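# Observations on the three-dimensional arrangement
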Amino acid sequence: MAALRSVDLRLDEGEFLTLFGPNGAGKTTLIRIVATLARPTSGRVLIGGLDLREWTAQVRRLIGVVSHQTFLYRDLTAEENLSLYARLYDVPDARHRVQEALERVALGHRRSDPVRTLSRGMQQRVSIARAVLHDPRILLLDEPYSGLDQHAAASLTRILEELALRGRTVLMTTHDLEQGLQLC
């Protein structure tokens, strides 16, 4: 059974799109394909003019991803996780940017704690910091507010508003109609 069929979507620089839909509608599948975590069975995906199948490594450098999986190493500290990603993405002034990112998600005081000791919501916040650390042109968010308390949700909203002001493109899925409409 096809999760997605005849999807034709174009987002220009600086656009913010929220996808709504019931479980099984294909929202996560679409995010996974655009994030290069799954391959489409047909069709093509262009990101920044680059075909996803031919330029996968280059496309990955353009995107940040917040998903149900945190993509964090549980035995590393929050700071070590972000430092690793900073090296992978050649982030300039990495030490400062890592510290700044942790402060931005209100986890500077937990920087030395292994990720496995953090609550699910705190892990989600580290994941958000990781996703924006390299200043991606495109941010993909799959149910990013799940597990976040009110303060962390407000922090994520501020980050998304800042990205929009800087002309970054955001594609987000959510079940929360009110939250999604507010951001759009």
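Everything here concerns the structure above.
Quick notes on the rules
- Residues numbered from 1 in each chain as written.
- Predicted model: local features only at pLDDT ≥ 70, side-chain atom pairs only at ≥ 80, totals over all residues.
- Heavy atoms only, no water.
- Pairing = 2+ DSSP bridges.
- Helix = DSSP H or I, 4+ residues; strand = E, 2+ residues; numbered from the N terminus.
- Axes fitted to C-alpha atoms, helices over the stretch in contact; angles between N-to-C directions.
- Contact = heavy atoms within 4.5 Å.
- Buried < 20%, exposed > 50% of the residue type's maximum accessible area, 1.4 Å probe, protein only.
- Core = buried A, V, L, I, M, F, W, Y, C linked by side-chain atoms within 4.5 Å.
- Salt bridge = Lys/Arg side-chain N within 4 Å of Asp/Glu carboxyl O.
- Arc of directions from axis to C-beta.
- Parallel < 35°, antiparallel > 145°, perpendicular 65-115°, else oblique.
- Left-handed = near helix turned anticlockwise from the far one by under 90°.
- Nonpolar A, V, L, I, M, F, W, Y, C, P; charged D, E, K, R; others polar.
- 1 Å grid on protein atoms, 1.4 Å probe; cavity = no way out; pocket = protein on both sides within 12 Å on 5 of 7 lines; lining within 4 Å.
- Points joined across faces, edges and corners; volume = space filled by probe spheres on them.

The subject of this paragraph is the sheet that holds strand β4 (residues 63-66). The parallel open sheet is built from four strands, whose spatial order is β1-β6-β5-β4. Each having just a single partner strand, β1 (16-20) and β4 make up the two edges of the open sheet. Here the average twist between neighbouring strands, direction ignored, is 10 degrees. The sheet contacts of helix α1 (residues 27-34) involve β1, β4, β5 (138-142) and β6 (169-174), and relative to β5 the element is tilted by about 150 degrees.

What follows covers the pairing of β4. Residue alternation in β4 divides its side chains into two sets, Ile63 and Val65 and Gly64 and Val66, and both sets are buried. Here β4 pairs with β5 via four bridges, running parallel. Each bridged residue has a counterpart across the sheet, and for Gly64 the counterpart in β5 is Leu139.

Ranked by internal contacts, the top residues of the largest apolar core, which has 34 residues, are Leu82, Leu133, Leu139 and Leu160. Contributions of two or more residues to this core are made by α3 (78-88), α4 (94-104), α5 (120-132), β5, α6 (150-165) and β6. Ignoring any residue separated from it by four or fewer positions in sequence, one finds Leu139 in contact with Gly64, Val65, Ala131, Val132, Leu160, Leu163, Thr169, Val170 and Leu171. Grouped together as the second largest cluster of nonpolar side chains are 16 residues, Leu30, Leu62, Ile63 and Ile138 included.

Glancing now at the pattern of salt bridges. Overall, the coordinates contain eight salt bridges when judged by the stated rule. Of the charged contacts, one joins Asp75 and Arg116 as a salt bridge, the two residues approaching to 3.1 Å between their closest N and O atoms. In this pair, Asp75 sits in the loop between β4 and α3 while Arg116 sits in the loop between α4 and α5, placing the two residues 41 residues apart along the sequence. By relative accessible area, which is 62% here, Asp75 ends up exposed. For Arg166, the salt bridge goes to Asp135, with nearest N and O atoms at 2.1 Å. Taken together, the residues span a long stretch of sequence, with Arg166 in the loop between α6 and β6 and Asp135 in the loop between α5 and β5 at a distance of 31 residues. The exposure class assigned to Asp135 is partly exposed, which follows from its relative accessible area of 27%.

It helps to recall that an α-helix has 3.6 residues per turn; residues three or four apart then point in one direction. Along α1, the residues classified as buried are Lys27, Leu30, Ile31, Ile33 and Val34. Considered in projection along α1, the buried side chains sweep an arc of 160 degrees and stay on one side of the axis. Among the structural elements, β1, β2 (46-47), β4, β5 and β6 are those in contact with the buried residues of α1. Positive phi appears at Thr36, one or two residues downstream of α1, with a value of about 70 degrees.

Quick look at the packing of α3 against α4 now. As a packed pair, α3 and α4 sit with axes 9 Å apart at the nearest point and diverge in direction by 130 degrees. Comparing their axes, α4 and α3 come out oblique. The handedness of the crossing between α3 and α4 comes out as right-handed. In this structure, α3 uses Ala78, Glu79, Leu82, Ser83 and Ala86 to contact α4, whose residues at the interface are Ala94, Val98, Gln99, Ala101 and Leu102. Within the contact of α3 with α4, the residues separate by chemical class into seven nonpolar, two polar and one charged.

So, on to the layout of surface pockets. What the largest pocket holds in volume is close to 1,100 Å³. Taken together, 35 residues make up the lining of the largest pocket; nearest its centre are Leu9, Val34, Arg44, Val45 and Leu46. Counting residues per element, the lining of the largest pocket draws most heavily on α1, at four residues. Class assignment for the residues of the lining of the largest pocket results in 17 nonpolar, nine polar and nine charged. Of the voids in this model, the second largest pocket is the one considered here, and its volume is about 360 Å³. As for the second largest pocket, its lining consists of 16 residues, of which Leu37, Arg60, Tyr85, Tyr89 and Arg130 are closest to the centre.

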